[in-house]
Amino acid sequence: MVQSKTWVLARHFEGFPEDSNFELKLEQQPEPEDGEVLLEALFLSVDPYLRPFSRLRMKEGGVMIGTQVAKVIQSNNSAFPIGCHVVGRCGWRTLTVSDGTGLTRLLSDWPQEVPMSLALGAIGMPGLTALYGLEEVLGLQAGDTLLVNAAAGAVGSTVGQIAKIKGCKVVGSTGSDAKVAFLKELGFDEAFNYKTVSSLEEALKAASPDGYHCFFENVGGPFSSVAIPQMKEFGRIALCGGISTYNDTTPQTGPYPHLTMIFKQLKMEGFLVGRWEHKNQESLRRLMAWKREGKLQCREHVTEGFENMPAAFMGMLHGENIGKAIVKV
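Reading the values: the criteria
- Residues numbered from 1 in each chain as written.
- Predicted model: local features only at pLDDT ≥ 70, side-chain atom pairs only at ≥ 80, totals over all residues.
- Heavy atoms only, no water.
- Helix = DSSP H or I, 4+ residues; strand = E, 2+ residues; numbered from the N terminus.
- Rg over C-alpha atoms; globule rule 2.2 N^0.38 Å.
- Buried < 20%, exposed > 50% of the residue type's maximum accessible area, 1.4 Å probe, protein only.
- Contact = heavy atoms within 4.5 Å.
- Areas by Shrake-Rupley, 256 points an atom, 1.4 Å probe, with all protein chains shown as cover.
- Core = buried A, V, L, I, M, F, W, Y, C linked by side-chain atoms within 4.5 Å.
- Domains from an automatic or database assignment.
- UniProt positions renumbered as here; feature names shortened; annotations may be inferred.
- Buried area = accessible area lost by both parts, 1.4 Å probe.
- Salt bridge = Lys/Arg side-chain N within 4 Å of Asp/Glu carboxyl O.
- Polar contact = N/O pair within 3.5 Å; in protein donor to acceptor, adjacent residues only side chain to side chain.
- Axes fitted to C-alpha atoms, helices over the stretch in contact; angles between N-to-C directions.
- Parallel < 35°, antiparallel > 145°, perpendicular 65-115°, else oblique.
- Nonpolar A, V, L, I, M, F, W, Y, C, P; charged D, E, K, R; others polar.
- Pairing = 2+ DSSP bridges.
- Right-handed = clockwise from strand over helix to strand, strands pointing away.
- Phe/Tyr/Trp six-rings, centres within 6.5 Å; stacked < 30°, edge-to-face > 60°.

Engineer: Whenever I open this one, the overall build of the protein confuses me. Can you help?
Structural biologist: A count of helices and strands for the protein gives nine helices and 15 strands. Since a compact globule built from 329 residues should have a radius of gyration of about 20 Å, the 20 Å found for the protein is in line with a globular shape. Its C-alpha atoms give the protein principal-axis dimensions of about 65 × 45 × 35 Å. Taken over 329 residues, the protein has a buried fraction of 51%. Taking the contacts inside the protein whose residues are at least 6 apart along the sequence as the reference set, 68% of them involve residues at least 24 apart. For the protein, the accessible surface area stands at approximately 15,000 Å², while carbon and sulfur atoms represent 51% of it.

Engineer: Looking at this model, I keep getting lost on the nonpolar core. Mind explaining?
Structural biologist: Formed by 48 residues in total, the largest nonpolar core has its most connected members in Trp-110 and Phe-216. Counting only elements with at least two residues in this core, the list comes to α2 (125-138), β8 (145-148), α3 (154-165), α4 (177-186), β11 (212-217) and α8 (280-292). Ranked by residues supplied to this core, first place goes to α2 with seven residues. Counting residues domain by domain, this core receives three or more from each of domain 1 (2-121 + 298-328) and domain 2 (125-273).

Engineer: I'm lost on the UniProt feature "domain: Enoyl reductase (ER)" (unreviewed entry) in the protein in this one. Help?
Structural biologist: As annotated in UniProt, the feature "domain: Enoyl reductase (ER)" (unreviewed entry) corresponds to residues 15-327 in the numbering used here. Secondary structure content for residues 15-327 is 27% helix and 25% strand, while the C-alpha to C-alpha distance between its ends is 23 Å.

Engineer: In this structure, what is going on with the domain arrangement of the protein? I would like to understand it.
Structural biologist: Accessible area lost when the parts come together is the quantity often used to give the size of an interface. Partitioning the protein into domains gives domain 1 (2-121 + 298-328) and domain 2 (125-273). Centre-to-centre separation of domain 1 and domain 2, based on C-alpha positions: 29 Å. In this complex, domain 1 contributes 19 residues to the contact, which on the side of domain 2 involves 14 residues. Approximately 1,300 Å² of surface area, both sides summed, lies buried where domain 1 meets domain 2, with 61% of it carried by carbon and sulfur atoms. Taken together, domain 1 and domain 2 are joined by one salt bridge. Linking Glu-185 and Arg-299 is a salt bridge whose minimum nitrogen-to-oxygen distance equals 3.5 Å. For the interface between domain 1 and domain 2, the tally reads six residue pairs in polar contact (both at pLDDT 80 or more).

Engineer: Just checking my understanding: could you explain the packing of α2 against α8 for this structure?
Structural biologist: A pair of packed helices can be characterised by two numbers: the angle between their axes and the separation between those axes. Contact geometry for α2 and α8: axes closest at 10 Å, N-to-C directions at 100°. Judged by the inter-axis angle, α2 sits roughly perpendicular to α8. In contact with Gly-127, Leu-128, Leu-131, Tyr-132 and Glu-135 of α2, α8 contributes Asn-280, Ser-283, Leu-284, Arg-286, Leu-287 and Trp-290. Residue classes in the contact of α2 with α8 are distributed as six nonpolar, three polar and two charged.

Engineer: Just to check I follow, could you spell out the sheet that holds strand β9 (residues 169-174) for this structure?
Structural biologist: Whenever strands of a sheet pair, they do so through backbone hydrogen bonds, lying parallel or antiparallel. Pairing is parallel in the open sheet, where six strands are placed in the order β10-β9-β8-β11-β12-β13. The open sheet is flanked by β10 (190-193) and β13 (267-270), the only strands paired with a single partner. Strand-to-strand, the axes of this sheet are offset by a mean angle of 15°, without reference to chain direction. The sheet contact formed by β9 and β10 spans four bridges and is parallel. Across the sheet, residue Gly-172 finds its bridge partner in β10, namely Ala-191.

Engineer: What's the story with the environment of Val-197 in this structure? I'm lost.
Structural biologist: Summarising the element assignment, Val-197 is placed in the loop between β10 and α5 (200-207). By relative accessible area, Val-197 is classed as partly exposed at 26%. Setting aside its immediate chain neighbours within four residues, Val-197 contacts Phe-192 and Ala-203.

Engineer: Mind showing me how you'd approach the pairing of β8 here?
Structural biologist: Successive side chains on a regular strand alternate, one facing one side of the sheet and the next facing the other. The alternating pattern of β8 places Thr-145 and Leu-147 and Leu-146 and Val-148 on opposite faces, both of which are buried. As judged from the four bridges shared by β8 and β9, these two strands associate in the parallel manner. Each residue of the ladder has a partner; that of Thr-145, found in β9, is Lys-169. Of the crossover connections in this fold, the one passing from β8 over α3 to the parallel β9 is right-handed. Two strands pair when backbone bridges link them, and β8 and β11 are joined in this way by three bridges, in the parallel orientation. Looking across to β11, one finds that Leu-146 is bridged to Cys-214.

Engineer: Would you take a moment to explain the packing of aromatic side chains for this structure?
Structural biologist: How two aromatic rings sit relative to each other is set out by the distance from centre to centre and by the angle between their planes. Summed over all chains, the structure comprises 10 aromatic pairs. The interplanar angle of 35° and the centroid separation of 6.2 Å between the aromatic rings of Phe-215 and Phe-223 together place this pair among those described as tilted. Look at Phe-215 and you get buried, because its relative accessible area is 1%. Of the residues examined, Phe-223 reaches a relative accessible area of 7% and is grouped as buried. The rings of Phe-13, Phe-22, Trp-92 and Phe-313 are connected pair by pair, giving a single aromatic cluster.

Engineer: I would appreciate a short explanation of the pattern of salt bridges in the present structure.
Structural biologist: For side chains bearing opposite charge, pairing can occur when the charged atoms are close. Under the counting rule described, the total for this entry stands at 15 salt bridges. In this structure, the salt-bridge partner of Glu-14 is Arg-55, at a minimum N-O distance of 3.0 Å. A residue pair is termed long-range when its members are at least 10 positions apart, and Glu-14 in the loop between β1 (2-9) and β2 (22-29) and Arg-55 in helix α1 (residues 50-57) qualify at 41 residues. According to the relative accessible area criterion, Glu-14 is exposed, its value standing at 56%. Judged by relative accessible area, Arg-55 falls into the partly exposed class, the value being 40%.

The following block contains the structure:
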């Protein structure tokens, strides 16, 4: 038996998460049996989706859900030899015994100069989310004008860069002047701080007076109410997230976009990244190629220490990160 540190959901979130929602515990992990492996966490991911998914998929007292990059330190499974690295939904724990279900080995030719933590970011789920949202949902075409909000986050920053690779004009909304500068470094055509502009409507019009072909939506709430009327006729909207609503205790209400969507004949589609899981290996290699060619920059916001998982999670929800928020064990 080995001891693993774990963070459990002590009580469900009501409004914004607090320290009291989490409890650090020790968990006994048995020796791996035939077909099983023992994993040691190296990097853990904190993502916005954990906030709404915790209510849907967790019970109080359960280990917090989440994804990690881990090293196989014991193995009775030939598919995962000792020393190999995997991505797995092992939750907030330092050691995990797994039968291999849901584990994905890092690309066999993962370059030494590329940090393995990027398997939780631009060369992982957030990168795939950006790619599939643009290609499969929006059908992005060269010459399109794209709006993306939460643009300096893990998904948004990748969305903008892929759109530039594809020959599009990209407008990004974000929440600080430092993040605006970051978006400019990435090659965004226009970027603004939605917290300081005098009028969101006027900022969107100034950034693209002719409107937007595509909108990659990560925020929801009042931003959407202002952005949707700025869409061009037959515009396409990909619903990836709604972080402005995740901590609400009372559901937000209108204004409602129905008439605008009817008159402009807009298309809006929600999506989950797992729909295209069968394409993941090919897609990850495309993302890695862009990274190695210098076309995809990958900023990380790294928090040191497993004991700081809750602080990293809450900081991410507060928007403290530029790029992907991870925890290094």
